[in-house]
Each structure stands twice: as structure tokens, then as C-alpha cells.
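Inside the fold
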Amino acid sequence: VAVEVDNHEFVAAEAGVETAQALLDTADRQLSRAKVTSPIAGSVVKRLVSVGEQVDGTAAQPLIEVANLDVLELAANVPSDRLAGIRVGQAVEIASDAYGDRTFPGRVIAIAPAVDAATNTALARIAVTNSEHLLKIGMYAQARVAIGERKGVLTVPPSAVGTKTIGVPRRG
């Protein structure tokens, strides 16, 4: 009789192990479905769902917006009369009011083939190095491009040039 009771307990314990394994498999499957991965390395810049919200897990319902902040892209409107001086690959200096006189290096990566008739500007895309992640997505910034350089010429700072007539020389 003792062997029969032990065998009965063994069968019950074995059934308990199988049940626990089934529950573990279900939990593992649910956990694998809950894992969110991104095809790019970067930082989450926007969450598009709330905590606890049920999602379908397809690309039709994005959960987060991820961006690589190491290099940002600036969309700059270039007046049409300045387009002749802009070219792809050209170095650009980026400044933002948020950082005073500090500048960030960039390069022109594309120039739109058409000018917007309403603004008389063309869109230039500029890749900006942002290794310290100081610039943020959506920030306003100014782009400075050296259009021409002349060596060996005398230059005068703008503050030294006046527009008022102080006096008129006398003749005679």
C-alpha cells in the first residue's frame, strides 16, 4: 500500500511540474511578444502609446519614435539668390540661440531641385554632428555657409563702418 501511495504522489507531482512548465512557456511567449526592438540605434524621442494600453504588435501601430541623435539633419530654406554659392559636401557652421556663440559642424547633404514659388527658397538638407546630444529634434538653428573667400585683402569689421555724415569738408 505504501508503494501505491508514493506512486500516486509521484504522478500528482509530475502533473504539477507539467502544469508549471506550461505556465512558464505561456509567460515566455507573452514576454517575447512584449519585447520592443528598433531597427536603428538611438534614443526614444516620443512615446505614442500609454502604459497598459493594448497594442496589436504590427507596424501599422507604432509604439515609439526612435532617433539617432549623434547626427541630426537640419532643413534650411536657402534664398534663391544664394543658391549659386551652395553645393553638396560644403562645410556649414550651425548655431542655436540656446548655446550662445557655440557652433556645431555640419555638411550640406542635399539641395532641392526646385524653388518654392511662395517663399522663393530652396530646401537644403544639412547633416549636423551632435556627439554631445546638445541639439534637440525640433530646435531652431541658423546655418552659416562661407560662400566665398578672398585672400590677401584688407578687411574692416562692420562696427568700424559708419553711415552718418559727421561733417562736410570746407572748400577754399
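For the structure, see preceding data.
Residues numbered from 1 in each chain as written. Predicted model: local features only at pLDDT ≥ 70, side-chain atom pairs only at ≥ 80, totals over all residues. Heavy atoms only, no water.

Details of the nonpolar core
- One finds Ile94, Ile126 and Val128 to be the most contacted residues of the largest nonpolar core, which totals 15 residues.
- Looking at this core, the elements that each hand over two or more residues are strand S3 (71-79), strand S4 (91-95), strand S5 (103-111) and strand S6 (121-129).
- In terms of residues, this core owes the most to one element, S3, which gives four residues.
- Setting aside chain neighbours within four positions, we find Ile126 in contact with Leu72, Glu73, Leu74, Ala76, Val92, Ile94, Gly106, Arg107, Val108, Ile109 and Ala143. (Core = buried A, V, L, I, M, F, W, Y, C linked by side-chain atoms within 4.5 Å. Buried < 20%, exposed > 50% of the residue type's maximum accessible area, 1.4 Å probe, protein only. Helix = DSSP H or I, 4+ residues; strand = E, 2+ residues; numbered from the N terminus. Contact = heavy atoms within 4.5 Å.)

Considering the pattern of salt bridges
- Overall, the coordinates contain three salt bridges when judged by the stated rule.
- Salt-bridge contacts for Glu93 lead to Arg144; the nearest nitrogen and oxygen are separated by 3.6 Å. Here Glu93 is found in strand S4, whereas its partner Arg144 is found in strand S7 (residues 142-144), with 51 residues between them in sequence.
- On the basis of relative accessibility, which here comes to 44%, the residue Arg144 falls in the partly exposed class.
- Two residues, Arg102 and Glu132, come together in a salt bridge whose shortest N-O distance is 2.4 Å. Note that Arg102 is positioned in the loop between S4 and S5 and Glu132 in the loop between S6 and S7, a separation of 30 residues in sequence.
- We classify Arg102 as partly exposed; its relative accessible area is 34%. (Salt bridge = Lys/Arg side-chain N within 4 Å of Asp/Glu carboxyl O.)

Overview of unusual backbone geometry
- Backbone geometry at Asn120 places phi at a positive 55°, although glycine is not the residue there.
- Within the secondary structure layout, Asn120 lies in the loop between S5 and S6.
- The backbone of His133 sits at a positive phi, close to 60°, despite the residue not being glycine.
- In this fold, His133 is placed in the loop between S6 and S7.
- Owing to a relative accessible area of 27%, His133 belongs among the partly exposed residues under this scheme.

A look at the sheet that holds S7
- Spatially, S3-S6-S5-S4-S7 is the arrangement adopted by the five strands of the open sheet, whose pairing is antiparallel. Only two strands of the sheet have a single partner each, and these edge strands are S3 and S7. On average, each strand axis in the sheet is tilted by 40° relative to the strand beside it, whichever way the strands run.
- In this sheet, S7 lies alongside S4 in antiparallel orientation, the contact comprising three bridges. Residue pairing across strands places Glu93 opposite Arg144, the latter belonging to S7. (Pairing = 2+ DSSP bridges. Axes fitted to C-alpha atoms, helices over the stretch in contact; angles between N-to-C directions.)

Describing the layout of surface pockets
- Taken as a whole, the largest pocket encloses approximately 270 Å³ of empty space.
- Lining the largest pocket are 16 residues, with Leu72, Glu73, Leu74, Lys136 and Met139 positioned closest to its centre.
- Among the elements that take part in the lining of the largest pocket, S3 stands out by supplying six residues, more than any other.
- Across the lining of the largest pocket, the residue classes break down as 13 nonpolar, one polar and two charged. (1 Å grid on protein atoms, 1.4 Å probe; cavity = no way out; pocket = protein on both sides within 12 Å on 5 of 7 lines; lining within 4 Å. Points joined across faces, edges and corners; volume = space filled by probe spheres on them. Nonpolar A, V, L, I, M, F, W, Y, C, P; charged D, E, K, R; others polar.)

Focus on the packing of aromatic side chains
- Evaluated as defined, the whole model comprises one aromatic pair.
- Both rings, one in Tyr99 and one in Phe104, keep their centres 5.9 Å apart while their planes meet at 70°; by these two values the pair is edge-to-face.
- For Tyr99, a relative accessible area of 27% corresponds to the partly exposed category. (Phe/Tyr/Trp six-rings, centres within 6.5 Å; stacked < 30°, edge-to-face > 60°.)

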